[in-house]
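Observations on chain architecture
Okay, here's what each chain looks like letter by letter:
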Amino acid sequence: MPPSGFSQEAINGLLTFVRSTYENTLDRYKYKNLPEREKLQASIGYLEGVVKSTAPLALNGTVSCEGIEGLAKFVSVNFRDLIAEISVGKKKEGEAIQTELTHIGSYLSQFKLEEQ
């Protein structure tokens, strides 16, 4: 049995967060002539830094440092997985982030958490 709060709404919120990080990466680096892998790598550093430096202040002790690091890890693993997929040719350089955004949108519209 999943923990309390592990609901359709909660998972959709997490996927929305991931989608937003991809959208912001596209916006932040759209005028920089960098390969998509480098844009993702730069975003990993930026996101980890922002999450670790601002979240503890914003949450005012509601979430532990370990929890904040978990959120940063979640985002960075998503980005590292996408970098790996580009590297092995599973996703096309220059289109990988947009592909992820499309898939997340489809997944959000179709995702159903089965309750037992």
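Described below are features of the structure shown in this document. Source: prediction; values computed, not measured.

**So, the overall build of the protein chain**
Within the protein chain, the secondary structure is distributed over four helices and zero strands. Listing each helix as α and each strand as β along the protein chain from the N terminus yields α-α-α-α. Intrachain contacts of the protein chain at a sequence separation of at least 6 include 71% that bridge at least 24 residues. For the protein chain, the exposed area adds up to about 7900 Å²; of that, 54% sits on carbon and sulfur atoms.

**With respect to the packing of helix H1 (residues 8-29) against helix H4 (residues 96-110)**
Contact geometry for H1 and H4: axes closest at 10 Å, N-to-C directions at 160 degrees. Taken as axis vectors, H1 and H4 run roughly antiparallel relative to one another. Where H1 crosses over H4, the handedness of that crossing is left-handed. On H4, the residues touching Asn12, Leu15, Thr16, Val18, Arg19, Tyr22, Glu23, Thr25 and Leu26 of H1 are Ile97, Gln98, Glu100, Leu101, Ile104, Tyr107 and Leu108. Across the contact of H1 with H4, the residue classes tally to nine nonpolar, four polar and three charged.

**Considering the environment of Ile83**
As for its placement among the helices and strands, Ile83 is situated in helix H3 (residues 65-87). Looking at Ile83, the relative accessible area reads 14%, which means it is buried. On a C-alpha basis, the gap between Ile83 and Lys39 in space is 9.7 Å, while along the polypeptide they are 44 residues apart. The residues contacting Ile83, other than those within four sequence positions of it, are Arg37, Leu40, Gln41 and Ile44.

**Topic: the nonpolar core**
Ranked by internal contacts, the top residues of the largest apolar core, which has 18 residues, are Tyr22, Leu40, Phe79, Leu82, Ile97 and Ile104. Sorting the residues of this core by element identifies H1, helix H2 (36-59), H3 and H4 as the ones contributing at least two each. Contact partners of Ile97, with chain neighbours within four places excluded, come to Tyr22, Thr25, Leu26, Glu36, Leu40 and Leu82.

**Quick word on the packing of aromatic side chains**
Scanning the entire structure with this criterion turns up one aromatic pair. With 4.9 Å between their ring centres and 10 degrees between their planes, Tyr22 and Phe79 make a pair best called stacked. Of the two residues, Tyr22 sits in helix H1 while Phe79 sits in helix H3, which places them 57 residues apart along the sequence. Here Tyr22 falls in the buried class, since its relative accessible area comes to 1%. A relative accessible area of 0% places Phe79 in the buried class. In this structure, Arg28 packs its charged tip against the face of Tyr46, placed 3.8 Å from the ring centre.

**Quick look at a nonpolar patch on the surface**
A surface patch of nonpolar side chains, about 280 Å² in accessible area, is lined by Leu14, Phe17, Leu71 and Phe74. Secondary structure elements with two or more residues in the nonpolar patch: H1 and H3. When you line up the elements, Leu14 lands in helix H1. Using a relative accessible area of 35% as the deciding quantity, one classes Leu14 as partly exposed.

About the criteria used
- Residues numbered from 1 in each chain as written.
- Predicted model: local features only at pLDDT ≥ 70, side-chain atom pairs only at ≥ 80, totals over all residues.
- Heavy atoms only, no water.
- Helix = DSSP H or I, 4+ residues; strand = E, 2+ residues; numbered from the N terminus.
- Contact = heavy atoms within 4.5 Å.
- Areas by Shrake-Rupley, 256 points an atom, 1.4 Å probe, with all protein chains shown as cover.
- Axes fitted to C-alpha atoms, helices over the stretch in contact; angles between N-to-C directions.
- Parallel < 35°, antiparallel > 145°, perpendicular 65-115°, else oblique.
- Left-handed = near helix turned anticlockwise from the far one by under 90°.
- Nonpolar A, V, L, I, M, F, W, Y, C, P; charged D, E, K, R; others polar.
- Buried < 20%, exposed > 50% of the residue type's maximum accessible area, 1.4 Å probe, protein only.
- Core = buried A, V, L, I, M, F, W, Y, C linked by side-chain atoms within 4.5 Å.
- Phe/Tyr/Trp six-rings, centres within 6.5 Å; stacked < 30°, edge-to-face > 60°.
- Lys NZ or Arg CZ within 6 Å of the ring centre and 35° of its normal.
- Patch = residues over 30% accessible without salt bridge, like charges linked within 9 Å, V, L, I, M, F, W, Y side chains within 5 Å.
- Salt bridge = Lys/Arg side-chain N within 4 Å of Asp/Glu carboxyl O.

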